[in-house]
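The chain contents come next:
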Amino acid sequence: MIYLDNSATTRLDDHVLEAMLPWLREDFGNASSVYSIGRKARVAIEDAREELAHLIGAHPAELIFTSGGTESNNAVLKSMCSAGMVKQLAVSGIEHHAVLHPAEELEKQGIAVYVLPINEHGVVEAWELHPLNSAETLISIMHANNETGIIQPLQDLRATAPNAYFHTDAVQTFGKIPLDCKALGLDFATLSAHKIHGPKGIGAIFIRRGIDFKAHQHGGAQERNRRAGTESPALIVGFQAAARAACKEMDVRGAYMRECTLLLRELLLEKIPLFRFNTPQDEHSALPNIINISFLDAEKLDGEAILQAMDMRGIAVSNGSACVSGSLQPSHVLVAMNRADAEAKAAVRFSVSKDTRTEDIRRTVEVLEAILQEMREG
Ligand SMILES: Cc1ncc(COP(=O)(O)O)c(C=O)c1O
């Protein structure tokens, strides 16, 4: 199989699995237990917390573990709104559904929700935040988009609304481009392990020190009373190993993935007629690993059929967020970028990883060329 859907998830690295295995076998203790195998698990978890916090410019006390990006996003929005800390919520229209759907729920409960527009380059304009600069507002704007790879100007956005609470969903960026929560002045950030060759089902929230963050689920006193539930040392240690490698090799992996997406760009331009890029080429504007395209004659094409035909030929690509794949809804991200509904339905997202081979990219474009030719000739 040729796997070009690394924004949906990535293959678990062997060294990550090796790091996890002892915690699934002999070192199975509960980190809340006082005897030695429990204490051993506690030490491993706190060591991981310290290292992960360091990687994002945070203090270990500012990081809590969760089951992943979805839980982290839900926890930030719901905890802040239901504790009465904020009365209004502002989210960009291109957020992942793990932000948009909790925001919709909170709106039903009486929270004022503003959906921030994006400009033709796919970014939120800083001036849009001027009216939201209040201590009763929580702003949630993703670090980079999972469908287009477009990076948001977080520093400018934060500087425009210094009094508001500011959250970023950094699921697609952590380990791929630098993320320094302190330097960006963030209050909250969402992380997840499985986009950087770590295990699924583990993530974290950065919560700036001093914020009175209320638990979003109740039970034991784990995670400083902020997130009840027995921690999984295996997942946490796997997250640590994946994040350590991703951050250490960020430049090398980034350069390689950029090389792959540049090759993909060139081949698409050479072989595929009637399409446009939804991902800019400039390295400061988009992640190194994602290219999203849509077709100018989209009304004649069936987006799902393109993906199915690619799959039949052993190639895994996506047409947007994996969480909405399969539904016939046009991508809300592309619609927010002013693409017509038909165009937003027939998009293709290619996302590479450090393990992608250049011959996979060549083969993918050859196959896409043949599929489109067949479909267009009807
Ligand atoms: C931007 C973004 N946020 C949140 C999530 C959800 O993260 P998780 O799969 O860890 O729940 C994803 C996953 O696709 C994502 O791309």
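Residues numbered from 1 in each chain as written. Predicted model: local features only at pLDDT ≥ 70, side-chain atom pairs only at ≥ 80, totals over all residues. Heavy atoms only, no water.

1. Some thoughts on the packing of helix H1 (residues 14-24) against helix H8 (residues 233-248)
Here is step 1: Between H1 and H8, the least distance of the axes is 8 Å, while the angle of their chain directions is 160 degrees. Here H1 lies roughly antiparallel to H8, going by the angle between them. By crossing handedness, the relation of H1 to H8 is classed as right-handed. Of H8, the residues touching H1 (which contributes His-15, Val-16, Ala-19, Met-20, Trp-23 and Leu-24) are Pro-233, Ala-234, Leu-235, Val-237, Gly-238, Ala-241, Ala-242 and Ala-245. (Axes fitted to C-alpha atoms, helices over the stretch in contact; angles between N-to-C directions. Helix = DSSP H or I, 4+ residues; strand = E, 2+ residues; numbered from the N terminus. Parallel < 35°, antiparallel > 145°, perpendicular 65-115°, else oblique. Left-handed = near helix turned anticlockwise from the far one by under 90°. Contact = heavy atoms within 4.5 Å.)

2. Some remarks on the site of the ligand
Here is step 1: The environment of the ligand is made up of 13 residues, and the closest members are Gly-69, Thr-70, Asp-169, Ser-192 and Lys-195.
Here is step 2: Between His-96 and the ligand, the recorded distance is 3.4 Å, taken from a side-chain N or O atom to an oxygen atom.
Here is step 3: Taking Gln-172, its side chain carries an N or O atom lying 2.8 Å from an oxygen atom of the ligand.
Here is step 4: Relative to its unbound accessible surface of 400 Å², the ligand loses 89% to contact with the protein.
Here is step 5: Counting residues per element, the shell around the ligand draws most heavily on helix H3 (residues 69-82), which supplies three residues.
Here is step 6: Its residues assigned to classes, the shell around the ligand comprises two nonpolar, nine polar and two charged. (Near = heavy atom within 4 Å. Polar contact = N/O pair within 3.5 Å; in protein donor to acceptor, adjacent residues only side chain to side chain. Areas by Shrake-Rupley, 256 points an atom, 1.4 Å probe, with all protein chains shown as cover. Nonpolar A, V, L, I, M, F, W, Y, C, P; charged D, E, K, R; others polar.)

3. Examining the pairing of strand S12 (residues 347-351)
Here is step 1: The buried fraction of S12 amounts to five of the five residues, a majority that puts the element mostly inside the structure.
Here is step 2: Across the two faces of S12 the burial is the same, with Ala-347, Arg-349 and Ser-351 and Val-348 and Phe-350 all buried. (Buried < 20%, exposed > 50% of the residue type's maximum accessible area, 1.4 Å probe, protein only.)

4. Considerations on the domain arrangement of the protein
Here is step 1: Each domain of the protein was delimited in the assignment, giving domain 1 (2-8 + 250-377) and domain 2 (14-248).
Here is step 2: Each of domain 1 and domain 2 has a C-alpha centre, and the two are 27 Å apart.
Here is step 3: With 33 residues of domain 1 at the contact, the number on the domain 2 side is 29 residues.
Here is step 4: Of the roughly 2,400 Å² buried between domain 1 and domain 2, counting both surfaces, carbon and sulfur atoms make up 57%.
Here is step 5: Between the two partners, domain 1 and domain 2, sit zero salt bridges.
Here is step 6: Linking domain 1 with domain 2 are 12 residue pairs in polar contact (both at pLDDT 80 or more), by the criterion used here.
Here is step 7: Per-element tally for the side of domain 1 that touches domain 2: the top contributor is helix H11 (residues 332-336), with four residues.
Here is step 8: Looking at the side of domain 1 that touches domain 2 residue by residue, the class counts come to 14 nonpolar, 14 polar and five charged. (Domains from an automatic or database assignment. Buried area = accessible area lost by both parts, 1.4 Å probe. Salt bridge = Lys/Arg side-chain N within 4 Å of Asp/Glu carboxyl O.)

5. Section: the sheet that holds strand S10 (residues 290-295)
Here is step 1: An order of S9-S10-S12 is seen for the three strands of this open sheet, with the pairing classed as antiparallel. Single-partner strands in this sheet number two, and they are strand S9 (275-277) and S12. For this sheet the average axis-to-axis angle between neighbouring strands, irrespective of direction, equals 25 degrees.
Here is step 2: The pairing of S9 with S10 spans three bridges and is antiparallel. (Pairing = 2+ DSSP bridges.)

6. So, the sheet that holds strand S7 (residues 188-192)
Strand pairs in the sheet, formed through backbone hydrogen bonds, run parallel or antiparallel to each other.
Here is step 1: The seven strands lie next to each other as S2-S8-S7-S6-S5-S3-S4, forming an open sheet whose pairing is mixed. Edge strands, defined here as strands with exactly one partner in the open sheet, are strand S2 (63-66) and strand S4 (112-116). Between one strand and the next, the sheet's axes are offset by a mean angle of 20 degrees, whatever the strand orientation.
Here is step 2: Pairing between S2 and strand S8 (residues 203-207): four bridges, direction antiparallel.

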